[in-house]
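# Chain and residue survey
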Amino acid sequence: MSENEVASLYERLGGEAAVNAAVDIFYDKVLSDYRINRYFDKTDMPKQVAHLKAFMTVAFGGPNDYTGRSLRDGHARLVAMGLNDSHFDIVMEHLGSTMRQLNVPAELIEEAAAIVESVRGEVLGK
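Here the structure is a predicted model, which is why all the values come from computation and not from measurement.

A tally of helices and strands in the protein chain yields seven helices and zero strands. Compactness check: the protein chain gives a C-alpha radius of gyration of 15 Å against a globular reference of 14 Å for 126 residues, within 12% of the reference. Over its C-alpha atoms, taken along the principal directions, the protein chain stretches across nearly 50 × 30 × 25 Å. Scored against the burial criterion, the 126 residues of the protein chain give a buried share of 37%. Counted over contacts in the protein chain with a minimum sequence separation of 6, partners at least 24 positions apart contribute 74%. A total of about 7400 Å² of accessible surface is found on the protein chain, and carbon and sulfur atoms cover 53% of it. Counting 13 positive and 19 negative side-chain charges, the protein chain places the averaged centre of each group 10 Å from the other.

A few words now on the packing of helix H2 (residues 15-31) against helix H5 (residues 85-101). Between two packed helices, the angle of one axis relative to the other and the distance separating the axes together describe the packing. At a minimum axis distance of 9 Å, the contact between H2 and H5 shows a crossing angle of 130°. Put simply, H2 runs oblique to H5. By crossing handedness, the relation of H2 to H5 is classed as right-handed. Side by side, H2 and H5 meet where Ala22, Ile25, Phe26, Lys29 and Val30 of the first sit next to Val91, His94, Leu95, Ser97, Thr98 and Gln101 of the second. For the contact of H2 with H5, the per-class residue count stands at six nonpolar, four polar and one charged.

Another aspect to go through is the nonpolar core. Formed by 31 residues in total, the largest nonpolar core has its most connected members in Leu13, Val23, Tyr27, Met56, Phe60 and Met99. When residues of this core are traced back to their parent elements, those giving at least two are helix H1 (9-13), H2, helix H3 (45-59), helix H4 (71-80), H5 and helix H6 (106-117). For Leu13, the residues in contact, after removing those within four places along its chain, are Ala18, Phe60, Met99, Val104 and Leu108.

Right, let's get into the confidence of the model for the protein chain. Across the protein chain, the average pLDDT comes to 93, with 96% of residues at or above 70. Confidence, expressed as mean pLDDT per element, reaches its minimum in the protein chain at H4 with 92 and its maximum at H5 with 97.

Attention shifts here to unusual backbone geometry. Phi at Asn103 is positive, roughly 60°, even though this residue is not glycine. Its location among the elements puts Asn103 in the loop between H5 and H6.

Topologically, Met81 is positioned in the loop between H4 and H5. Met81 sits in the partly exposed class, given a relative accessible area of 40%. Sequence separation between Met81 and Gly121 is 40 residues; the distance between their C-alpha atoms is 16 Å. In this structure, Met81 is in contact with Arg38 and Tyr39, ignoring residues within four places of it in sequence.

On the secondary structure map, His94 appears in helix H5. Among the polar contacts made by the side chain of His94, one reaches the side chain of Asp33 at a distance of 2.6 Å.

Each value, and the rule that gives it
- Residues numbered from 1 in each chain as written.
- Predicted model: local features only at pLDDT ≥ 70, side-chain atom pairs only at ≥ 80, totals over all residues.
- Heavy atoms only, no water.
- Helix = DSSP H or I, 4+ residues; strand = E, 2+ residues; numbered from the N terminus.
- Rg over C-alpha atoms; globule rule 2.2 N^0.38 Å.
- Buried < 20%, exposed > 50% of the residue type's maximum accessible area, 1.4 Å probe, protein only.
- Contact = heavy atoms within 4.5 Å.
- Areas by Shrake-Rupley, 256 points an atom, 1.4 Å probe, with all protein chains shown as cover.
- Lys, Arg positive; Asp, Glu negative; His and termini not counted.
- Charge placed at Lys NZ, Arg CZ, Asp CG, Glu CD.
- Axes fitted to C-alpha atoms, helices over the stretch in contact; angles between N-to-C directions.
- Parallel < 35°, antiparallel > 145°, perpendicular 65-115°, else oblique.
- Left-handed = near helix turned anticlockwise from the far one by under 90°.
- Nonpolar A, V, L, I, M, F, W, Y, C, P; charged D, E, K, R; others polar.
- Core = buried A, V, L, I, M, F, W, Y, C linked by side-chain atoms within 4.5 Å.
- pLDDT = per-residue confidence, 0-100.
- Polar contact = N/O pair within 3.5 Å; in protein donor to acceptor, adjacent residues only side chain to side chain.

Structure below.
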């Protein structure tokens, strides 16, 4: 990498091990949260965890091994169940909390949050 190239967020976060740890901790928080855990009642969680790990890897600039549905299609059933901005905010809360728990620097948390925030409309079918 030349001095003009900036490492991807994926690399700056710590690569595969960091994304994997974050997703595992994140889902522990989400599934323990009565405000949103009902949206995962009929979810194959091992498959969901693998999908999110692959998606976050791509979203943060790592290798593209994501083969899941689009965000809009993947969340359509949840939107039909009432998924809305307040639920997305709770997810963002858990993402930030997870990254702080892993001692991720604030500027990288902000960068990751901005990436996730940028897909809010797709997730919520807007």
